[in-house]
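Below, each chain spelled out in residue letters.
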There are 2 protein chains.
Amino acid sequence: MGSAERKERQRAELREQILQVARDIVMKEGFGALSMRKLADAVEYAPATLYLHFENRDAIARELCVRGFQELLAVLEPAAACEEPVERLSRLAAAYVAFGLKQPETYRLVFMEDPKLSADLFQDQDEGAGPKSFAVLVRAFEALKAAGQALEDTTPVRLAEVFWAGLHGIVSLKLTCSGFQGTPAEVLAQTLVTSSVHGSKPARATRRTR
Amino acid sequence: MGSAERKERQRAELREQILQVARDIVMKEGFGALSMRKLADAVEYAPATLYLHFENRDAIARELCVRGFQELLAVLEPAAACEEPVERLSRLAAAYVAFGLKQPETYRLVFMEDPKLSADLFQDQDEGAGPKSFAVLVRAFEALKAAGQALEDTTPVRLAEVFWAGLHGIVSLKLTCSGFQGTPAEVLAQTLVTSSVHGSKPARATRRTR
DNA sequence: ACCGTTCTGTGAACACCGTTCATTTATTGC
DNA sequence: GCAATAAATGAACGGTGTTCACAGAACGGT
């Protein structure tokens with residue numbers, strides 16, 4: 001009777017368990033240390049069993065990638081709730097950097113590994129954490145522009161792209177380039193915010209004449 | 001007699017040849033495709049022979065890394081010769097991005113692979129392409145500041161760090177994240193320059209550097 | 001010219017890796 | 001209980017980095 005559903009559920013549970021253990025390994029030892037054999041060992045199955053639930057290692061990586069990005073989005077969204085545009089950007093930057101530094105291996109997996117991995121993240125135009133996260137930034141710059149505090153002749157989309165690139169650069173250089181251990185990432189991020197905001201007059205001052 | 005020097009020279013030549021072939025493989029197929037066996041095959045020696053000239057695969061990678069960075073420096077220096085501060089920054093940004101896009105695999109190797117690789121690049125305080133390249137950027141921001149076109153309360157060093165991070169972010173997101181194929185990297189880089197250069201208005205710090 | 005040393009080069013092996021597939025084991029419907 | 005179906009596996013294939021005992025060539029001294 002209900003045994004069909006139970007089997008399906010058990011199947012899903014094992015799949016989930018595999019992913020959880022894989023996530024643990026990645027966070028603890030990095031993506032490079034995630035091998036099918038080690039993973040199989042950790043979940044106490046034979047290596048071949050993993051292939052009943054995932055096409056191959058890349059499929060597991062992709063799934064972890066998607067979830068990692070969702071975590072990032074979950075961290076960005078509260079920061080985006082802030083009303084004041086400059087403050088909002090500041091909080092977004094802080095949240096982004098904090099995420100990257102707290103979960104370096106996850107960050108590496110999502111943004112610095114094979115291009116194939118992040119391909120899916122931006123595939124669906126509206127759905128997916130990729131476009132959603134980006135939209136959060138774009139809205140922040142729209143708000144900034146509405147307040148007259150952004151460069152006038154640059155679209156919010158482009159500003160958001162450059163801003164994201166700046167954040168990503170800060171985080172990823174911290175993660176890979178030992179030469180960038182000088183200034184703390186949080187400070188760099190706030191400098192980025194400052195230089196992204198045109199004319200740093202107090203926020204609620206009169207709108208700039210255009 | 002001179003046979004000792006000749007042997008030494010031959011040794012160096014083989015070492016050099018190994019590196020050249022390794023470089024070709026990396027540029028053509030990426031660092032991941034560089035295997036000791038394939039490399040040994042290409043130089044027509046047994047795999048074990050490679051270990052007479054390099055401690056291990058990482059040692060080869062490190063060497064390629066150093067040279068890659070030197071190439072980048074060689075591209076940046078002409079751009080740094082420009083007198084006008086804003087124009088100089090613009091040319092530096094363009095050169096950096098062009099290098100990254102033209103030699104993606106080299107760029108990946110230098111800036112996006114194992115942190116151990118880039119460790120050496122910034123080790124020597126003055127020598128080495130790492131600090132030298134960074135110094136080029138710092139000087140550009142010093143010039144910008146002298147011309148009164150940079151944020152006043154931020155040091156050139158920090159501005160250079162954020163600028164570099166921005167450039168790196170642009171290039172690396174282009175290389176890995178398929179979602180960033182919207183705006184061309186060159187355009188983003190110029191937007192970065194624009195937002196890094198404070199307009200004629202003097203900047204007053206927002207008080208919120210938490 | 002020979003011999004012993006020293007250096008260059010190698011084949012074979014070890015321990016891993018991702019992946020496949022025939023085979024066994026467990027579970028189900030009847 | 002039995003046949004059918006699903007889950008799990010052991011063994012294998014070809015690949016990886018790396019090591020090491022061994023062979024061969026080149027050398028300096030006599």
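Residues numbered from 1 in each chain as written. Chains lettered and ligands numbered in written order. Predicted model: local features only at pLDDT ≥ 70, side-chain atom pairs only at ≥ 80, totals over all residues. Heavy atoms only, no water.

J.: How would you sum up the overall build of chain A? Please name residues and give values.
T.: Counting its regular elements, chain A contains ten helices and zero strands. Its helices and strands taken in sequence order, chain A reads α-α-α-α-α-α-α-α-α-α from the N to the C terminus. Principal-axis analysis of the C-alpha atoms places the extent of chain A at approximately 70 × 45 × 25 Å. Taken over 210 residues, chain A has a buried fraction of 51%. Pairs at least 24 apart in sequence give 63% of the contacts found in chain A among residues at least 6 apart. When the accessible surface of chain A is split by element, carbon and sulfur atoms take 50% of a total near 10,100 Å². (Helix = DSSP H or I, 4+ residues; strand = E, 2+ residues; numbered from the N terminus. Buried < 20%, exposed > 50% of the residue type's maximum accessible area, 1.4 Å probe, protein only. Contact = heavy atoms within 4.5 Å. Areas by Shrake-Rupley, 256 points an atom, 1.4 Å probe, with all protein chains shown as cover.)

J.: Would you mind going over the protein's contact with DNA strand C in detail, with residue names and values included?
T.: Neighbouring residues of DNA strand C: 21 residues in total, closest Arg-6, Met-36, Arg-37 and Arg-57 of chain A together with Thr-49 of chain B. Protein-proximal atoms of DNA strand C, defined as those within 4 Å of the protein, fall in sugar or phosphate at a share of 59%. Here a phosphate oxygen of DNA strand C sits 2.7 Å away from a polar atom, N or O, in the main chain of Met-36 of chain A. The separation between a phosphate oxygen of DNA strand C and a polar main-chain atom of Arg-57 of chain A is 2.9 Å. Breaking the surface near DNA strand C down by element, the ones donating at least two residues are α1 (3-29) and α2 (36-43) of chain A together with α1 (3-29) and α3 (47-50) of chain B. The element that contributes the greatest number of residues to the surface near DNA strand C is α1 of chain B, accounting for three residues. (Near = heavy atom within 4 Å. Polar contact = N/O pair within 3.5 Å; in protein donor to acceptor, adjacent residues only side chain to side chain.)

J.: Tell me about the nonpolar core, and please be specific about residues and values.
T.: Leu-39 and Phe-111 of chain A together with Leu-39 and Phe-111 of chain B are the most contacted members of the largest nonpolar core, which totals 141 residues. Ignoring sequence-local partners within four residues, the contact set of Leu-39 of chain A consists of Ile-18, Val-21, Ala-22, Ile-25, Leu-34, Leu-50 and Ile-60 of chain A. (Core = buried A, V, L, I, M, F, W, Y, C linked by side-chain atoms within 4.5 Å.)

J.: Got a sec to walk through the side chain of His-168 of chain B? Specific residues and values, please.
T.: By the secondary structure assignment, His-168 of chain B is in helix α9 (residues 156-176). For His-168 of chain B, a relative accessible area of 1% gives the class buried. Those residues within four positions of His-168 of chain B in sequence are excluded, and the remaining contacts are Gly-169, Ser-172 and Leu-173 of chain A together with Tyr-96, Tyr-107, Phe-111, Met-112 and Leu-173 of chain B.

J.: So, helix α4 (residues 57-80) of chain A: which residues are in play, and what are the values?
T.: Residue and element names in this part refer to chain A. Under the 1.5 Å per step criterion, the end-to-end length of α4 is 35 Å for 24 residues, consistent within 8% with the ideal 34 Å. Looking only at α4, the buried set comprises Ala-59, Ile-60, Ala-61, Leu-64, Cys-65, Gly-68, Phe-69, Leu-72, Leu-73, Leu-76, Ala-79 and Ala-80. The N-capping residue of α4, defined by a side-chain oxygen 3.2 Å from the backbone nitrogen of Asp-58, is Asn-56. (Expected span 1.5 Å × (residues − 1).)

J.: How would you explain the protein's contact with DNA strand D if you had to name every residue and give the values?
T.: The full set close to DNA strand D counts 20 residues, and Ala-46 and Thr-49 of chain A together with Arg-6, Arg-37 and Tyr-51 of chain B are the nearest of them. In the model, a phosphate oxygen of DNA strand D is placed 2.8 Å from a nitrogen or oxygen of the Met-36 of chain B main chain. Arg-37 of chain B is positioned such that a nitrogen or oxygen atom in its side chain is 2.5 Å from a base nitrogen of DNA strand D. Residue assignment for the surface near DNA strand D shows that the elements contributing at least two residues are α1 and α3 (47-50) of chain A together with α1 and α2 (36-43) of chain B.

J.: With reference to specific residues and values, describe the side chain of Ser-118 of chain A.
T.: If you trace the backbone, Ser-118 of chain A turns up in helix α7 (residues 115-119). Among the residues examined, Ser-118 of chain A registers a relative accessible area of 2% and is labelled buried.

None of this, on its own, says anything about what the molecule does.
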